[in-house]
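A look at the structure
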Amino acid sequence: MWSMPVVGVGAISSLGKSWAESWSGLLSGRRYRVSPSDVFPVLTAGHHVTSIHGIDRTLECVNGVACGAALRLALAAGKEALANILGGGEVVVYGGSNHGESDLVSCLTGREEIGDARNEAHLWEGLLIDSVAEGVAREVQNSAHNALGSWVYSSCTSSLHALLLAALAIRGTPSRYALVIGVDALSLAGVAGFTAAGAATQTDCRPFSHRRDGMLMGEGAAALLLRSEEATTSESHVCLLGAGLYCEKHHPTRPDPSGSGFERAIRQALSRASVAAEEIAGLVLHGTGTAANDDAEALAVRRVFPNRPPATSLKSSLGHTMGASGLFNCLTAFEASRSGALPPTTPDRETAIEGIDLVQECPRTVRIGAPIVTTGAAFGGNYAAFVFGHTLTER
Amino acid sequence: MLWLTFYSAFYDWGRTPLFYGRRPLQSEAVLRNCPDEQRTALTQACGVRHAKYHTFAELLAVTACREGRASLPMQDDEVGVVATGGPLHTPVAWDFTRTIQRHGVELLNPMYFPHMLQSSVGCTVSAECGARAFAITVGHSRASFHECLVAGSDLINSGFARAVLIPSVNDGGPRNRVLHQGAGRDGTPVDVGLCCVLSSVRPKPGGVLVELKECIMSFLGARNCTNHLRDAESDFVAEHLEPHVVQSPDATEPLRWLDRWDAYAATAAVSMIEAIAHVDLEYAKPRPVSVRARLPAKSVLVSLTVSLEEPTGDF
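Notes on the structure follow. None of the values given here were measured: they were computed from a predicted structure.

**Examining helix 4 (residues 120-129) of chain B**
- Of all 10 residues making up helix 4 of chain B, 9 are buried, and the element is well covered by its neighbours.
- Buried within helix 4 of chain B we find B:Ser120, B:Val121, B:Gly122, B:Cys123, B:Thr124, B:Val125, B:Ser126, B:Ala127 and B:Cys129.
- Contact partners of the buried residues in helix 4 of chain B: strand 10 (239-247) and strand 17 (382-389) of chain A together with helix 2 (56-70), strand 3 (79-85), strand 4 (135-137) and strand 5 (163-170) of chain B.
- Count one or two residues on from helix 4 of chain B and you reach B:Gly130, which has phi positive near 80°.

Below is the structure:
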């Protein structure tokens, strides 16, 4: 069992400019939606997306690095998570993103079409080195004790893989901190791709509902600060207790309908955390709102958790924040265990898939410190599951 | 203990590991500036279903990793992938985005969609080669291959896998040449299709045996705010090898190819192969080799022990 305390969180999302605002929005079921054409005028198809109000989407050159919406989001969330760090200690930064600063591609393809791309060396360079990773690296190295560990690209499990690598990097080393950032801004190709694939909702995103018809694209950044387990304290903390991974072959974009990928990742995480399925007080599920994902995930949940713990998904409120979505789930699992409230999936009551005790309309109370499981899945068949809660001696 | 073996998509010896026997290793074994007709041939020969939707980087990675995977006597869920290279996605992402801008969503082919992401290389290797433990892609700095070794050894030592395939690939094709020129970089992007197998199971006897002794990511003190990721190669050159185990008196010689070619994140993998190839080996005399990638903010030190073993049987 691991026992790495979560000692800081940060977020910026369509629900607020901080984790406190985002959490408050999740508990109240608030939503902020716009038409895709409001963000990308070239897009005329698609129902709606969640968007961060007032976000600066311009691409500019800052200290020789292309800086756009994704980098700004990553830095905002990261700084919030670091705000409460006490004392010294080295902070190693890990990050994950689905598509990086993807506006670079659309900007350069557009300029190339009109023969105006030659004088934009910093934009081309931003694609070669990934300006989000480069920008975060430069920002964190300004501080005497911080440095970028690695930047991970694993589609929608990017930030979960980053979290795992960060945890392994500081494990067993006293007084070390790992800051994990997951980020993605809305991208033209992403919104268009999911629309073309028929995966975007045409009505409203309703994860695990019988009426669900697709996912809702979103954007945001989440950040989580972990401390190595040896740094003891009298304070009771919600900890990262365990993790599980799996990668299946079934299809490049769809999960195995049996839910075996989810199941293997969850069982592995429970085993590493030394927590029995019956002890789990809540689930923060991937729950995209697509027919394929939610059916498969629900099957896995039914098999692993016969006692049906309350389950929620953030995708109706936050939208699918791609590479950041897994870390948003982790922040929610952490906050649910810390505060004892599991936010609702939707503000209205829906008929849920059989076997899922879906939290709807209002938050559900869970025992403070109780272990919460969170899941994530991605293109290419990647699955990840994490367990957060108090350690056994504190529960 | 962990061992490293390497396989190349361009190597003509089939399943033979790169260091088998004492054959001289040339950089051409892992680097190639493929003409267009060779790209087509490699694409057709790779045996990947729906290959036309994939990036060339994916196909290079699968070709190399298929050989690497075949060397591992393990179940699929005991093997993971930690991929690097880059940029891995730009040719498909470029065409995909241009189609949207020219024609709207209606003419998009969603089959291309997952291949316009950096993660496509790791996931395609996982699917095609049988590696189910995980498929992680680590970002494309010059030190990324070393970061993959750190991540891979951490994952193996923590029980997430018994072996990890580390594809380090670069697509030196037309689109990435445009990127390279647009950024005003020197040299020419070169094709690299390399698989490093990091395994807790000792490879079959015969040829060069590489043991990973230590893999440490450490962080430096005061730092300057300059080209964090781009300038890693400068210290590859300076600190590359322990001089006493290098055959050549010039320790920087293994990296001379960087004067002409640019392999981005695959650079470190190629450099490590060349470093090992320059060690003056004798049978039953293990030699230490240290390869350090140092960036303005951190350094990644990889310590190896390289030895030569008598082959016992045919490949």
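**Notes on the pairing of strand 12 (residues 310-313) of chain A**
Residues and elements named next belong to chain A.
- The alternating pattern of strand 12 places Pro310 and Thr312 and Ala311 and Ser313 on opposite faces, both of which are buried.
- Relative to strand 12, strand 11 (residues 282-285) is paired through 3 bridges, and the arrangement is parallel. By the bridge assignment for strand 12, Leu285 is matched with Ser313.
- Handedness of the crossover joining strand 11 and strand 12 through helix 10 (residues 291-304): right-handed.
- Note: strand 12 against strand 14 (residues 357-358), 2 bridges, orientation parallel. Of the residues in strand 14, the one forming a bridge with Pro310 is Asp357.

**Details of the interface of chain A and chain B**
- Residue-level contacts link 74 residues of chain A with 65 residues of chain B.
- Between chain A and chain B, the buried area comes to about 5700 Å², and carbon and sulfur atoms account for 63% of it.
- Linking chain A to chain B there are 5 salt bridges.
- Here B:Arg185 ties to A:Glu125 by a salt bridge, and the two come within 2.6 Å at their closest N and O atoms.
- If you look at where chain A meets chain B, you find 14 residue pairs in polar contact (both at pLDDT 80 or more).

**Regarding the packing of aromatic side chains**
- Applying the stated criterion to the full structure yields 9 aromatic pairs over all chains.
- Between A:Phe379 and B:Phe113 the ring centres are 5.4 Å apart and the planes differ by 85°, which places this aromatic pair in the edge-to-face class. Of this pair, A:Phe379 sits in the loop between strand 16 (372-378) and strand 17 while B:Phe113 sits in the loop between helix 3 (90-103) and helix 4, each in a different chain.
- Under the relative-accessibility criterion, A:Phe379 is labelled buried at 13%.
- Seen in terms of ring centroids, B:Phe96 and B:Phe113 are 5.7 Å apart; in terms of plane orientation they differ by 10°. Their pairing is stacked. Separated by 17 residues along the polypeptide, B:Phe96 in helix 3 and B:Phe113 in the loop between helix 3 and helix 4 bring together distant segments of the chain.
- Since its relative accessible area comes to 4%, B:Phe113 is described here as buried.
- Taken together, the aromatic side chains of A:Phe194, A:Phe379, B:Phe96 and B:Phe113 make up a single cluster linked through ring pairs.
- Above the face of the B:Phe160 ring, A:Arg272 is positioned so that its terminal group lies 3.6 Å from the ring centre.

**Considering the sheet that holds strand 16 of chain A**
Residues and elements named next belong to chain A.
- Strands sit in the order 7-6-8-9-1-10-17-16-11-12-14 across an open sheet of 11 strands; the sheet is mixed. The open sheet has two free edges, formed respectively by strand 7 (146-152) and strand 14, since each of these has just one partner strand.
- Lying over the sheet, helix 9 (residues 260-273) contacts strand 10, strand 16 and strand 17, oriented at roughly 145° with respect to strand 10.

**With respect to the pattern of salt bridges**
- Scanning the entire structure with this criterion turns up 29 salt bridges over all chains.
- Its salt-bridge partner being A:Arg212, residue A:Asp295 comes within 2.8 Å of it at the nearest N-O pair. In this pair, A:Asp295 is assigned in helix 10 and A:Arg212 in the loop between helix 8 (188-196) and strand 9 (220-227), connecting sequence segments 83 residues apart.
- One salt bridge in this structure joins B:Arg98 and B:Asp95, with 3.2 Å as the shortest N-O distance. One end of the pair is B:Arg98 and the other is B:Asp95, both in helix 3 and 3 residues apart, which spans about a single turn.
- What makes B:Asp95 partly exposed here is its relative accessible area of 41%.
- Connected via shared salt-bridge partners are A:Glu112, B:Asp95, B:Arg98 and B:Arg175.

**So, helix 6 (residues 174-182) of chain B**
- All of the buried residues along helix 6 of chain B are B:Arg175, B:Asn176, B:Val178, B:Leu179, B:His180 and B:Gly182.
- Check the buried side of helix 6 of chain B and you find it contacts helix 4 (103-113) and helix 5 (121-129) of chain A together with helix 3, strand 6 (188-189) and strand 9 (261-262) of chain B.
- Of the residues trailing helix 6 of chain B, B:Gly184 is marked for its positive phi of about 70°.

The rules behind the values
- Residues numbered from 1 in each chain as written.
- Chains lettered and ligands numbered in written order.
- Predicted model: local features only at pLDDT ≥ 70, side-chain atom pairs only at ≥ 80, totals over all residues.
- Heavy atoms only, no water.
- Buried < 20%, exposed > 50% of the residue type's maximum accessible area, 1.4 Å probe, protein only.
- Helix = DSSP H or I, 4+ residues; strand = E, 2+ residues; numbered from the N terminus.
- Contact = heavy atoms within 4.5 Å.
- Pairing = 2+ DSSP bridges.
- Right-handed = clockwise from strand over helix to strand, strands pointing away.
- Buried area = accessible area lost by both parts, 1.4 Å probe.
- Salt bridge = Lys/Arg side-chain N within 4 Å of Asp/Glu carboxyl O.
- Polar contact = N/O pair within 3.5 Å; in protein donor to acceptor, adjacent residues only side chain to side chain.
- Phe/Tyr/Trp six-rings, centres within 6.5 Å; stacked < 30°, edge-to-face > 60°.
- Lys NZ or Arg CZ within 6 Å of the ring centre and 35° of its normal.
- Axes fitted to C-alpha atoms, helices over the stretch in contact; angles between N-to-C directions.

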